[in-house]
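Report on the structure
Read off the chains here:
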Amino acid sequence: MSGPVTPSEGEAWECHDSPKKTHVERLSPRRAVVGGFDVARVLPQRARRMIGPWCFVDVMGPGVATDSVGLNVGPHPHIGLQTVTWLIDGALLHRDSLGTEQPIQPGQLNLMTAGHGVSHSEETMNFYHGPIFGVQMWLAQPEHTRHTAPAFEHHASLPRITIGTADITVFVGEFHNVASPARTETQHVGVEIILAPGSTILPLNNTYEYGLLVLNDAVRVDDTEIGHGELAYLGTQRDEVTLTSNTTVRMLLLGGERFSEDVLMWWNYVARSRDEISLAHYEWSTKNPRFGTVATDLPRVDTRKPPWDAHL
Ligand code: MN
């Protein structure tokens with residue numbers, strides 16, 4: 001669960017969307033393949049590159065890990081971002097260049113802070129066979145932390161609250177005065193919502209912008225029907241949102257204060273300039289100690305130079 005290991009467009013994403021006030025905008029994901037597994041890429045999209053500091057969201061599966069097929073992504077680099085791993089079904093093993101070897105199960109959080117540079121792998125091989133369903137997200141790090149040392153956190157248990165018919169797990173940030181223990185570097189929130197049949201009004205922070213990702217079935221968001229796999233962008237300056245369903249619906253609500261820095265994303269790097277990305281990628285490709293090594297049998301992942309360096 002590790003991001004755009006194959007750059008599908010051969011281009012970089014410059015992120016400077018304009019925020020929109022309270023409304024509901026329906027966005028559909030693109031299909032991609034990561035580590036041999038089908039994924040639905042929810043962010044970035046042309047119409048919506050970021051939601052607060054959330055700059056990348058992949059929904060992995062549902063699928064099945066077997067002897068021959070699984071979610072196996074060999075060591076690859078990151079800079080300038082935090083990876084947020086959330087499982088709905090199955091199990092995965094995270095390994096990184098800090099020496100971490102951490103299994104993750106549904107309801108738990110893996111949070112890796114890349115800073116100046118880290119590498120990691122995600123695998124089911126020799127570890128887990130069975131259903132796999134999860135979400136891999138990235139948070140862009142702000143200027144004041146993005147050059148610092150890498151770090152990793154695992155949170156086996158997270159705070160839960162009930163509001164109306166919604167059972168909510170706060171995996172990062174704070175929601176309705178309930179805070180996750182996970183490290184934060186910007187003002188943002190990520191929660192999982194299990195909405196039982198009925199209608200519930202959720203309180204929101206009116207200084208944040210929000211997106212609601214529907215992971216099964218369908219839900220009415222205010223007056224707009226949002227289908228399975230779709231993202232509802234909710235805009236900003238909103239005190240609440242009304243969610244209505246006839247079935248039990250699982251969703252992620254991601255929000256945060258608008259990210260004020262212009263971000264440049266290419267492959268597994270989140271930066272501000274082409275030069276920074278070119279240097280990081282040169283250092284990954286030449287096995288510079290900046291990215292360390294990961295103790296795994298999976299082969300390391302590399303890709304061609306950035307398109308702006310193709311002539312070199
Ligand atoms: Mn990754």
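None of the values given here were measured: they were computed from a predicted structure. (Residues numbered from 1 in each chain as written. Predicted model: local features only at pLDDT ≥ 70, side-chain atom pairs only at ≥ 80, totals over all residues. Heavy atoms only, no water.)

1. A word on the coordination of the manganese ion
As a reminder, the rule being used: Distances decide who is a donor: an N, O or S atom must be within 2.8 Å of the metal, or within 3.2 Å for Na, K and Ca. Water is not included, so sites may look incomplete. Numbering of helices and strands runs from the N terminus; a helix is a DSSP stretch of H or I covering at least four residues, while a strand is a stretch of E covering at least two. Partly exposed describes any residue whose relative accessible area lies between the buried limit of under 20% and the exposed limit of over 50%, with all areas from a 1.4 Å probe on protein chains only and scaled to the type maximum.
Each protein donor to the manganese ion is listed here as His76 (NE2), His78 (NE2) and His120 (NE2); together their distances run 2.1 to 2.2 Å. Expressed as a motif, the donor residue spacing for the manganese ion is H-x1-H-x41-H. With His76 in strand β6 (residues 73–78) and His120 in strand β11 (residues 118–123), the pair connects residues that are 44 residues apart, well separated along the chain. The same class applies to His76 and to His120, which are both buried.

2. Let's talk about the side chain of His155
Just so we agree on the cut-off: The term polar contact refers here to a pair of N or O atoms within 3.5 Å; inside protein, the definition further demands a hydrogen-donor-capable atom paired with an acceptor-capable atom, and it admits residues adjacent in sequence only when both atoms are side-chain atoms. Residue contacts are defined here by distance: any two heavy atoms, one from each residue, within 4.5 Å place the two residues in contact.
For His155, the location among the structural elements is in strand β13 (residues 151–155). At a separation of 2.7 Å, a polar atom in the side chain of His155 contacts the side chain of Glu153. Once residues within four sequence positions are removed from consideration, His155 is found in contact with Gln108, Leu109, Pro181 and Ala182.

3. Topic: the pattern of salt bridges
Counted only if it meets this: Salt bridge, as used here, is a side-chain nitrogen of Lys or Arg placed within 4 Å of a carboxyl oxygen of Asp or Glu.
What the rule picks out here adds up to 14 salt bridges. As a salt-bridge pair, Glu192 and Arg250 come within 2.9 Å of each other at their nearest N and O atoms. With Glu192 in strand β17 (residues 188–195) and Arg250 in strand β24 (residues 249–256), the pair connects residues that are 58 residues apart, well separated along the chain. Overall, the relative accessible area of 8% leaves Glu192 in the buried class. According to the relative accessible area criterion, Arg250 is partly exposed, its value standing at 25%. Several salt bridges converge on common partners, so that one network encompasses Arg95, Glu101 and Glu123.

4. Here's the deal with the side chain of His94
Inspection of the secondary structure puts His94 in strand β8 (residues 92–96). Residue class for His94 comes out buried when judged on its relative accessible area of 1%. For His94, the contacting residues outside a window of four places in its chain are Thr100, Glu101, Gln102, Asn110, Met112, His120, Ser121, Glu122 and Phe152.

5. Observations regarding the pairing of β17
Put simply, the rule reads: At least two DSSP bridges between two strands are needed for those strands to be called paired.
Of all the eight residues making up β17, seven are buried; the element is thus mostly covered by neighbouring parts of the structure. Sheet topology note: the β17/β24 ladder contains eight bridges and is antiparallel. Considered in β24, the bridge of Val191 is made with Leu253.

6. A few points about the sheet that holds β11
Heads up, the rule is: Every axis corresponds to a line fitted to the C-alpha atoms, with the helix fit spanning only the stretch in contact, and the corresponding angles, defined between N-to-C directions, vary from 0 to 180 degrees.
Pairing within the open sheet is antiparallel, and its four strands lie in the order β6-β11-β8-β9. Since the sheet does not close on itself, it has two edges, and those belong to β6 and β9 (101–104), each with one partner. Pairwise comparison of adjacent strand axes, ignoring direction, gives a mean angle of 25° for this sheet.

7. Some remarks on unusual backbone geometry
Across the chain, the bulk of peptide bonds are trans and the bulk of non-glycine residues have phi less than zero. Look at the link from Leu43 to Pro44: it is a cis peptide, with omega at -5°. Residue position: Pro44 is located in the loop between β4 (37–43) and β5 (54–65). Following Gly61, the chain continues into Pro62 via a peptide bond in cis, with omega recorded as 10°. Structurally, Pro62 is set in strand β5. Even without a glycine there, the phi angle at Asn177 is positive, about 65°. For Asn177, a relative accessible area of 71% puts it in the exposed group. Phi at Asp222 takes a positive value of approximately 50°, unusual for a residue other than glycine. Its place among the elements puts Asp222 in the loop between β20 (219–221) and β21 (224–226). For Asp222, a relative accessible area of 24% translates into the label partly exposed.

8. Remarks on the sheet that holds strand β23 (residues 240–245)
Strands sit in the order β18-β23-β20-β21 across an open sheet of four strands; the sheet is antiparallel. With partners counted over all chains shown, the strands left at the sheet margins are β18 (198–203) and β21, one partner each. Between one strand axis and the next, the sheet turns by 30° as a mean value, whatever way the strands run.

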